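Inside the fold
Here is how the chains run, residue by residue.
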Amino acid sequence: MAALDDRVDVLIEGGVVVRAGRGAGDSLVGQPGVQLVEGAGRWLLPGFIDLHVHFREPGEEHKETIASGLRAAVAGGFVTVCAMPNTKPVNDTRAITELMLARAKEAALARLHPIGAITKGLAGAELTEVAALREAGCVALSDDGRCVTDSRVMRHALEYAATFDVPLIQHAEDHALTAGADMHEGAISTRLGLRGWPRTAEDVIVARDCILAEAAKARYHVAHLSTKGAARIVAEAKARGGAVTAEVTPHHLLLTDASVAEGLGYRTECKVNPPLREPEDLAALRQALADGTIDAIATDHAPHHLRDKQVEFSAARPGMIGLELCVPLLLDLVRSGELPLMRLAYALTVGPAKVVGLEAPRLIEGARADLTLVDPDATFRVERETLAGKSTNTPFLGRTVRGAIDATFVDGRPVHLRRGAAGLSGLVD
Ligand code: DOR
């Protein structure tokens, strides 16, 4: 089915796209019971999927709850998110998975799919019960935040996951090479006197895992890929026919280690794991996204309290929020011609859906009406007070962004309407 890229009317009835075509709505305008949203000047896209969010429930609800995280998701145009297991306690059992699903159901905003842990307690040693986690609703397994560094454990995890056809998502970091590291290892870390996290710590794990995954015939996915070397290794593994996929975050596509040193320097809001890299990595990541080596854009939405960020650099927790600003920020790359709009849309919909085996949101007749309305020209200022989630740890605070998510629909139901967006007043969310 070719992608639809046209000026059409879209008719939604009973949560489903019943027609999409020119003039499809002409006879209905003004009819009782028909709600009209004038799309003029805006883009209607299939709703976005984020493979990588950290909602802090259970355990750190002061940073984000499942409900607040889902509010941030729909404000960013996401209709589906996959939640990482580094909660407290860790999502390594059916009980935690079920709790997350129940909370998401109560919130009734975006869909949530939990990701279970690969090893118990993320300790890297003992495997979790894949079958039970799968059955409870986990769409993938990951120890994100920690890497499965033991090759024997990783090998068994891949073999076990292959049996159940579950993808394994790796946080690729050789912890022996990053002990005590605060930022990317390079000229800037030297200047700031901060311990560096070398690219090789990511590259060696991705290379090893591609070899193990090929042998195990397992589905292997690289989380937040950040180096030019890892992009090359994934491209090679794909060329060999391996079931290897990868995601990239908006911050690794937009920022470099120079951001850490801006202003007075030591900007903890730019501390992320893996760290912001160098311009040559940024260029390689953009290229890999454009040529299909990278399958998905994932936010790694990592809410933290101010107390975890307004401290000295080495004590600050890594991570930044991402859901609400992902698409508005990436539209800069679309405008500059570096990222075709269709590629951006693919990496937020079909690409991530394939990684975890979900139905891909599509704007075709008969599809679920999971849709996002984007105004590419609306501008807004990123402010603590107006962000929808509970945490505001982002280096983009104060920035005026061009491009806004005007509305998000899940099963045809408006779950987000941007205040001030034109022509939406008749809809109630
Ligand atoms: O920056 C990060 N923050 N990277 C991770 O892998 C974990 C995450 C978190 O949980 O805060």
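The structure under discussion appears in the preceding block.
Now for a look at the structure at hand. None of the values given here were measured: they were computed from a predicted structure.

Check the secondary structure of the protein and you find 15 helices and 16 strands. In terms of C-alpha radius of gyration, the protein reaches 21 Å, essentially the compact-globule figure of 22 Å for 429 residues. Dimensions of the protein, computed from the C-alpha atoms along their principal axes, are close to 65 × 50 × 40 Å. Relative to its full complement of 429 residues, the protein shows a buried share of 57%. Of all intrachain contacts in the protein linking residues separated by at least 6 positions in sequence, the fraction that spans at least 24 positions is 74%.

What follows covers the packing of helix 7 (residues 199-216) against helix 8 (residues 228-239). For any two helices packed against each other, one specifies the inter-axial angle together with the distance between the axes. Where helix 7 meets helix 8, the closest approach of the two axes is 8 Å, and the angle between their N-to-C directions is 10 degrees. Between helix 7 and helix 8, the crossing angle belongs to the class labelled roughly parallel. The crossing of helix 7 and helix 8 is right-handed. The residues of helix 8 that touch helix 7, namely those facing R199, E202, D203, V206, A207 and C210, are K228, G229, A230, I233, V234 and A237.

On to the site of the ligand, then. Around the ligand, 14 residues are found, and the nearest of them are R56, N86, N273, H304 and P318. Taking H54, its side chain carries an N or O atom lying 3.4 Å from an oxygen atom of the ligand. Within the contact set of the ligand, an oxygen atom lies 3.4 Å away from a side-chain nitrogen or oxygen of D144. In the complex, the protein chains occlude 94% of the 290 Å² of accessible area that the ligand would expose alone. When its residues are assigned to classes, the shell around the ligand shows 3 nonpolar, 8 polar and 3 charged.

To continue, consider the sheet that holds strand 15 (residues 400-410). On the basis of which strands lie adjacent, the open sheet formed by 4 strands has the order 3-14-15-16 and antiparallel pairing. Each end of this open sheet is capped by a strand with a single partner; those strands are strand 3 (43-46) and strand 16 (413-417). Here the strands of the sheet are splayed against their neighbours by 35 degrees on average, with no regard to which way each runs. Bridge count for strand 3 against strand 14 (residues 371-381) is 4 bridges, and the pairing is antiparallel. Of the residues in strand 14, the one forming a bridge with P46 is L371. Strand contacts of helix 13 (residues 326-335): strand 3, strand 14 and strand 15, with the helix running at about 120 degrees to strand 15, the strand carrying the most contacts.

Okay, helix 13 next. Burial of helix 13 is extensive: 8 of the 10 residues sit out of reach of the surface. For helix 13, the complete set of buried residues consists of C326, V327, P328, L329, L330, L331, L333 and V334.

Under the criterion given, the structure shown has 32 salt bridges. In this structure, D6 engages R22 in a salt bridge whose closest nitrogen and oxygen atoms are separated by 2.9 Å. Here R22 lies in the loop between strand 2 (16-21) and strand 3 and D6 lies in the segment before strand 1 (9-13), a separation of 16 residues in the sequence. A residue is classified by how much of its surface remains accessible, and R22, at 61% relative accessible area, is exposed. For R103, the salt bridge identified is with E106, shortest N-O distance 3.9 Å. On the criterion of helical spacing, the pair formed by R103 and E106 is a turn pair, its members being 3 residues apart in helix 2 (residues 94-107). Classification of R103 as partly exposed rests on a relative accessible area of 31%.

Moving on to helix 7. In an α-helix, one full turn covers 3.6 residues, which means residues spaced three or four apart are oriented alike. With 18 residues, helix 7 extends 26 Å between its outermost C-alpha atoms, agreeing within 8% with the 26 Å of an ideal straight helix rising 1.5 Å per residue. Among all positions in helix 7, only R199, A201, E202, D203, I205, V206, R208, D209, C210, L212, A213 and A216 are buried. Of the residues flanking the end of helix 7, it is K217, one or two places downstream, whose phi is positive at about 55 degrees.

The next thing to look at is the sheet that holds strand 11 (residues 220-222). Spatially, 4-5-6-7-8-11-12-13 is the arrangement adopted by the 8 strands of the open sheet, whose pairing is parallel. The open sheet has two edge strands with one neighbour each: strand 4 (48-53) and strand 13 (296-297). Where strand 7 (residues 140-142) lies against strand 8 (residues 168-170), 2 bridges are found, and the strand directions are parallel. Directly across from S142, in strand 8, lies its bridge partner I169. Strands in contact with helix 2 are strand 5 (78-83) and strand 6 (111-116); relative to strand 6, the strand with the most contacts, it is inclined by about 170 degrees. Contacting strand 8, strand 11 and strand 12 (244-248), helix 7 runs over the sheet at an angle of about 165 degrees to strand 11.

Across the 6 residues that make up strand 4, a large majority, 6, are buried. Note that strand 4 and strand 5 share 4 bridges and pair parallel. Pairing of D50 across the sheet is with V81, part of strand 5. After leaving strand 4, the chain enters helix 1 (residues 66-75) and then returns to the sheet as strand 5, a path that is right-handed.

Rules and cut-offs
Residues numbered from 1 in each chain as written. Predicted model: local features only at pLDDT ≥ 70, side-chain atom pairs only at ≥ 80, totals over all residues. Heavy atoms only, no water. Helix = DSSP H or I, 4+ residues; strand = E, 2+ residues; numbered from the N terminus. Rg over C-alpha atoms; globule rule 2.2 N^0.38 Å. Buried < 20%, exposed > 50% of the residue type's maximum accessible area, 1.4 Å probe, protein only. Contact = heavy atoms within 4.5 Å. Axes fitted to C-alpha atoms, helices over the stretch in contact; angles between N-to-C directions. Parallel < 35°, antiparallel > 145°, perpendicular 65-115°, else oblique. Left-handed = near helix turned anticlockwise from the far one by under 90°. Near = heavy atom within 4 Å. Polar contact = N/O pair within 3.5 Å; in protein donor to acceptor, adjacent residues only side chain to side chain. Areas by Shrake-Rupley, 256 points an atom, 1.4 Å probe, with all protein chains shown as cover. Nonpolar A, V, L, I, M, F, W, Y, C, P; charged D, E, K, R; others polar. Pairing = 2+ DSSP bridges. Salt bridge = Lys/Arg side-chain N within 4 Å of Asp/Glu carboxyl O. Expected span 1.5 Å × (residues − 1). Right-handed = clockwise from strand over helix to strand, strands pointing away.

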